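Below, each chain spelled out in residue letters.
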Amino acid sequence: MAEMTFRQTLHDTLRDEMLRDKDVFLLGEEIGIFEGSYKITAGLLKEFGSKRVLDTPIAENGFVGMAVGAAMLGLRPVVEIMTINFILLAIDEIVNHAAKIHYMFGGQTAVPMVIRTPGGGGQQLSATHSQNLEVWFAHVPGLKVVAPSTPEDARGLLRTSIRDNNPVLFLENLALYNTKGNVPEGDYTVPFGKARIAKEGHDLTVISYSRMASIALEVATRMEQESGLSIEVIDLRSLRPLDTETIVKSVQKTNRAVIFEEDWRTYGVGAEIAATLQEEAFDYLDAPIKRVASIEVPLPYSKPLELAALTGAKQLIEAINELAPRRKRR
């Protein structure tokens, strides 16, 4: 394994897949000459040329629609949308076309395309550039939605996404780009619908994904060292399909659950998980399920207000202490 940043892992995986399969091509705003707003595509235009690395106009509905057509004809487009906030301009192409074409036409054509897009708050990008809209797309049959939290899973899930014959929304949290981790070499892949047990534990389960999964692991490790509380951390990785089996088995073991997400709480991913646990693990619960999420306001630009609105380690620690077995509460 080699230590790499999340950013470099995405770049190298895209390059590997373009070398492996000539049908893989990239398109998006400023990904070629400018090398991408986050430099994920740095150097790829020079190496592969303008037929495989396409700079597009600022017209998300247009170039996402073009990618849908290209996928239907056998190519494998990887679309970069500069931020998930701009994906709203292409929601018709994604929800009513990419997700449904295979079903509406009796399986006569597949739509093998990937949409990569970063999201999340904490960068002082204000209300319209700091959102987590993944639940909108995880709600839609026909789409696959993944959200890795580590460079290792970024490599494995991006490879799987590009090779899959269905449309995949690949979510990247902005705050993860410079994080580092060990990345497997070779043809490493991660399957859809399989959560990762980031840390074993027996007193309580924390269920999370994307950047919050990384924070959850840090909190769980620190609390175990300080108080002896044994916390199991589940990193979902895949939001659709969702690995309900791993979630339920964990809670059956620990008997307590905290769901931790950066998104707004109402109607969120956490709400779906809580409902699943209520249906499938109710008899094993020794305490109510707790959900930790961001305050439901348009995210402020002001840094102190932004920090006050976003959830984080402090809120997770408070929830864990409220829910933990009494003998181990601090």
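Residues numbered from 1 in each chain as written. Predicted model: local features only at pLDDT ≥ 70, side-chain atom pairs only at ≥ 80, totals over all residues. Heavy atoms only, no water.

Chemist: Explain the packing of helix 1 (residues 6–20) against helix 7 (residues 151–163) to me, please; I cannot follow it from the model alone.
Modeler: Axis angle and axis distance: for two packed helices, these are the angle between their axes and the distance between the axes, and together they describe the pair. One way to put it is that helix 1 packs onto helix 7 with a least axis distance of 9 Å and a crossing angle of 30°. The orientation of helix 1 relative to helix 7 falls into the category roughly parallel. Every pair of crossing elements has a handedness; the one defined by helix 1 and helix 7 is right-handed. Contacts between helix 1 and helix 7 involve F6, T9, L10, D12, T13, L14, D16, E17 and R20 from the first element and P151, A154, R155, L158, R159, I162 and R163 from the second. The residue inventory of the contact of helix 1 with helix 7, partitioned by class, reads 7 nonpolar, 2 polar and 7 charged. (Axes fitted to C-alpha atoms, helices over the stretch in contact; angles between N-to-C directions. Helix = DSSP H or I, 4+ residues; strand = E, 2+ residues; numbered from the N terminus. Parallel < 35°, antiparallel > 145°, perpendicular 65-115°, else oblique. Left-handed = near helix turned anticlockwise from the far one by under 90°. Contact = heavy atoms within 4.5 Å. Nonpolar A, V, L, I, M, F, W, Y, C, P; charged D, E, K, R; others polar.)

Chemist: Teacher, can you tell me more about the sheet that holds strand 12 (residues 238–240) here?
Modeler: The strands that make up a sheet pair up through hydrogen bonds in the backbone, lying either parallel or antiparallel. The sheet built from 7 strands is open, its strands ordered 3-2-4-5-7-6-12 with mixed pairing. Each edge of the open sheet is held by one strand with a lone partner, namely strand 3 (53–55) and strand 12. On average, adjacent strands in this sheet sit at an angle of 20° to one another, irrespective of strand direction. This element, helix 1, spans strand 2 (24–28), strand 3, strand 4 (76–80), strand 5 (114–119) and strand 7 (168–173) of the sheet and lies at about 130° to strand 2. Contacts from helix 3 (residues 60–72) reach strand 2, strand 3, strand 4 and strand 5 within the one sheet, and its direction differs from that of strand 4 by about 165°. (Pairing = 2+ DSSP bridges.)

Chemist: So what exactly am I meant to see when it comes to empty space enclosed by the protein here?
Modeler: If a probe the size of a water molecule is rolled over the atoms, the empty space left behind becomes visible. For the structure shown, the criterion picks out 4 cavities of 30 Å³ or more. Taken as a whole, the largest cavity encloses approximately 150 Å³ of empty space. Contributing to the lining of the largest cavity are 18 residues, with N132, E134, N173, Y209 and S210 lying nearest its centre. Sorting the residues of the lining of the largest cavity by element identifies strand 5, strand 7, helix 8 (210–227) and strand 13 (257–264) as the ones contributing at least two each. Partitioned by chemical class, the residues of the lining of the largest cavity number 6 nonpolar, 7 polar and 5 charged. Of the volumes computed, that of the second largest cavity is approximately 110 Å³. Around the second largest cavity, the lining residues are A127, S130, Q131, N132, E262, D263, W264, S294, I295, V297, L299 and L310. Among the elements that take part in the lining of the second largest cavity, strand 13 stands out by supplying 3 residues, more than any other. Tallied by class, the residues present in the lining of the second largest cavity amount to 6 nonpolar, 4 polar and 2 charged. (1 Å grid on protein atoms, 1.4 Å probe; cavity = no way out; pocket = protein on both sides within 12 Å on 5 of 7 lines; lining within 4 Å. Points joined across faces, edges and corners; volume = space filled by probe spheres on them.)

Chemist: Is there a simple way to think about the pattern of salt bridges in this case?
Modeler: Where charged atoms of side chains with opposite charge meet at close range, the side chains can pair. Evaluation of the coordinates by the stated rule reveals 22 salt bridges. In this structure, R116 and E80 form a salt bridge, with 2.9 Å as the shortest nitrogen-oxygen distance. Here R116 is found in strand 5, whereas its partner E80 is found in strand 4, with 36 residues between them in sequence. The same class applies to R116 as to E80, namely buried. A salt bridge links E322 to K290; the nearest nitrogen and oxygen atoms lie 3.0 Å apart. Of this pair, E322 sits in helix 12 (residues 313–323) while K290 sits in strand 14 (residues 290–294); the two residues are 32 residues apart in sequence, bridging distant segments of the chain. Among the residues examined, K290 registers a relative accessible area of 25% and is labelled partly exposed. (Salt bridge = Lys/Arg side-chain N within 4 Å of Asp/Glu carboxyl O. Buried < 20%, exposed > 50% of the residue type's maximum accessible area, 1.4 Å probe, protein only.)

Chemist: Quick question: what am I supposed to make of helix 1 here?
Modeler: Given 3.6 residues to a turn, an α-helix orients residues that are three or four positions apart in the same direction. Its 15 residues give helix 1 an end-to-end C-alpha distance of 21 Å, which sits within 8% of 21 Å, the value for a rise of 1.5 Å per residue. All of the buried residues along helix 1 are F6, T9, L10, H11, T13, L14, E17 and M18. (Expected span 1.5 Å × (residues − 1).)

Chemist: Got a minute to help me understand the nonpolar core in this structure?
Modeler: A general feature of soluble globular proteins is that nonpolar side chains tend to end up buried together. Ranked by internal contacts, the top residues of the largest apolar core, which has 47 residues, are V64, V79, M113, I115, I207, L236 and L277. For this core, the secondary-structure elements that each account for two or more residues are strand 2, helix 3, helix 4 (91–98), helix 6 (134–138), strand 7, helix 9 (244–254), strand 13 and helix 10 (269–280). Take this core: its biggest share by element is 6 residues, from helix 3. Setting aside residues no more than four positions away along its own chain, L277 makes contact with I207, I247, V248, V251, A257, F282 and I289. Core analysis: the second largest hydrophobic core is formed by 27 residues, Y38, I40, F48 and M82 among them. (Core = buried A, V, L, I, M, F, W, Y, C linked by side-chain atoms within 4.5 Å.)

Chemist: Even after reading the chapter, I still don't get the environment of E232, so can you show me in this structure?
Modeler: Considering the arrangement of structural elements, one finds E232 in strand 11 (residues 231–235). For E232, a relative accessible area of 2% gives the class buried. For the pair E232 and L242, spaced 10 residues apart in the sequence, the C-alpha separation amounts to 18 Å. Those residues in contact with E232 that lie beyond four places of it in its chain are I197, K199, E200, G201, L204, T205, V206, S250, K253 and T254.

Chemist: What is the right way to read the side chain of T41 from this model?
Modeler: Along the polypeptide, T41 turns up in the loop between strand 2 and helix 2 (44–48). Within the local environment of T41, its side chain forms a polar contact with the backbone oxygen of E35, the two atoms lying 3.2 Å apart. Once residues within four sequence positions are removed from consideration, T41 is found in contact with H11, L14, L26, I31, E35, G36 and E80. (Polar contact = N/O pair within 3.5 Å; in protein donor to acceptor, adjacent residues only side chain to side chain.)

Chemist: Where do I start with the layout of surface pockets in this structure?
Modeler: Its boundaries defined by the atoms lining it, the largest pocket holds a volume of some 310 Å³. Lining the largest pocket we find 18 residues, and of these S149, T150, T179, K180 and S214 sit closest to its centre. Sorting the residues of the lining of the largest pocket by element identifies helix 7, strand 8 (180–183) and helix 8 as the ones contributing at least two each. Tallying contributions element by element places helix 8 first for the lining of the largest pocket, with 6 residues. Here the lining of the largest pocket is built from residues that sort into 6 nonpolar, 6 polar and 6 charged.

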